[in-house]
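Each chain, letter by letter, is given below.
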Amino acid sequence: MSLADYAAQHGLHRVGARPRLLSYLKQAWDRRDFPLAMARFRIQASQQRNRLGMLWLVLQPSLNALVYGVIFYWLQTGGNRPPDYPAYIVIGVFLFDFFSKSLSNGAKSITGNRALVQSLAFPRITLPIAVVLENFMALMPMLGVMALALVLLGHPPAWDWLLMVPLLALYTLFNCGVAMIAARLTVHVRDLTQILPFVNRILFYTSGVLFAVDRIFSSHPWVVQVYDFHPLYQVLQIARGLLMNAGHYSLHYWAYFALWSVLVFVVGLLFFWVAEERYGRD
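Since this is a predicted model, take the numbers as computed values, not measurements.

It is not clear to me how the side chain of S207 should be interpreted in this structure. Could you clarify?
Here S207 is to be found in the loop between helix 9 (192–206) and helix 10 (213–216). For S207, a relative accessible area of 0% gives the class buried. Only 2.5 Å separates the side chain of S207 from the backbone oxygen of L203, close enough to count as a polar contact. A polar contact is formed between the side chain of S207 and the side chain of H230, at a distance of 3.5 Å. Leaving out residues up to four positions away in the same chain, S207 has contacts with F96, Y227, H230, L232, Y233 and L236.

Looking at this structure, I do not really get the pattern of salt bridges. What am I missing?
Pairing is possible between side chains of opposite charge, provided their charged atoms come close. Overall, the coordinates contain two salt bridges when judged by the stated rule. Between D30 and K26 there is a salt bridge whose closest N-O contact spans 3.1 Å. Separated by four residues within a single helix, D30 and K26 lie in helix 2 (residues 21–30), roughly one turn from each other. The exposure class assigned to K26 is exposed, which follows from its relative accessible area of 54%. Among the salt bridges present, the one from D97 reaches K101, with a minimum N-O distance of 3.3 Å. With D97 and K101 both in helix 5 (residues 85–107) and four residues apart, the pair spans about one turn of that helix. Looking at D97, the relative accessible area reads 15%, which means it is buried. Owing to a relative accessible area of 25%, K101 belongs among the partly exposed residues under this scheme.

Would you explain a nonpolar patch on the surface in this entry?
Together, L63, L66, V70, Y73 and W74 line one region of the surface with nonpolar side chains, adding up to about 550 Å² of accessible area. The residue V70 is located in helix 4 (residues 56–75) in this model. Judged by its relative accessible area of 43%, V70 falls in the partly exposed class.

Please explain helix 8 (residues 164–188) as it appears in this structure.
Side chains that are three or four residues apart share a direction in an α-helix, a result of its 3.6 residues per turn. With 25 residues, helix 8 should reach 36 Å at 1.5 Å per residue; the first-to-last C-alpha distance of 36 Å fits that figure. Of all 25 residues that make up helix 8, 18 are buried, and the element is covered over most of its length.

Definitions and limits used
Residues numbered from 1 in each chain as written. Predicted model: local features only at pLDDT ≥ 70, side-chain atom pairs only at ≥ 80, totals over all residues. Heavy atoms only, no water. Helix = DSSP H or I, 4+ residues; strand = E, 2+ residues; numbered from the N terminus. Buried < 20%, exposed > 50% of the residue type's maximum accessible area, 1.4 Å probe, protein only. Polar contact = N/O pair within 3.5 Å; in protein donor to acceptor, adjacent residues only side chain to side chain. Contact = heavy atoms within 4.5 Å. Salt bridge = Lys/Arg side-chain N within 4 Å of Asp/Glu carboxyl O. Patch = residues over 30% accessible without salt bridge, like charges linked within 9 Å, V, L, I, M, F, W, Y side chains within 5 Å. Areas by Shrake-Rupley, 256 points an atom, 1.4 Å probe, with all protein chains shown as cover. Expected span 1.5 Å × (residues − 1).

Structure (structure tokens):
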């Protein structure tokens, strides 16, 4: 009888063995307080060294929106520039920041916590989830500033604003999937952390954050049709349509982005879970 057969006969399991998927998800749910506590701690710790503290959570994206707004306002001619450009930029920059940080910080969620991963037994999926929760908590005050800016720019609150709740839920689900995929890839290819800033920047400049796709590519309708299947473009256009009280998106964007969110989350979950035994060993 082999050692493996002997262990199986006596109900012994290999240390660090990957549990079944449902068991794995149950373990992660039982430890749900852990990513929440980690997210809160990281937000507080990251701002303690700054004199303005938590105020930087809203100052940084606000300054980004101001700088990019001024530069791209003058770069785009009147015909290409979308109407009410300040509100257009604020929504784009603030919401894209949630994705950008989920991707870049999620990629480092395993490699950046190597000592924790090697010393404690827990579902590793809680680490990229903690990153997304941290960025979601940071997004909340940003949304307050964004709402105030929109009111000052002539967009009073409307009932459509309530639809931001399901949109943000789908967006968070999407970002969780992205963070899990990036976390595992970085474990196998450490140099990916050097490449991701360029990926983030490319996505920032090509996702319709700073320009109106239908105006810039009006002479190339096939490009506009391709953008209809771009998940980041979809979430920005839905948000602009809801918050700016204007029809900036097609209703089928909801179905497309919901499909994207569920698909990316499920793929990210399975992709991350399959390599559970390798985290902390590679």
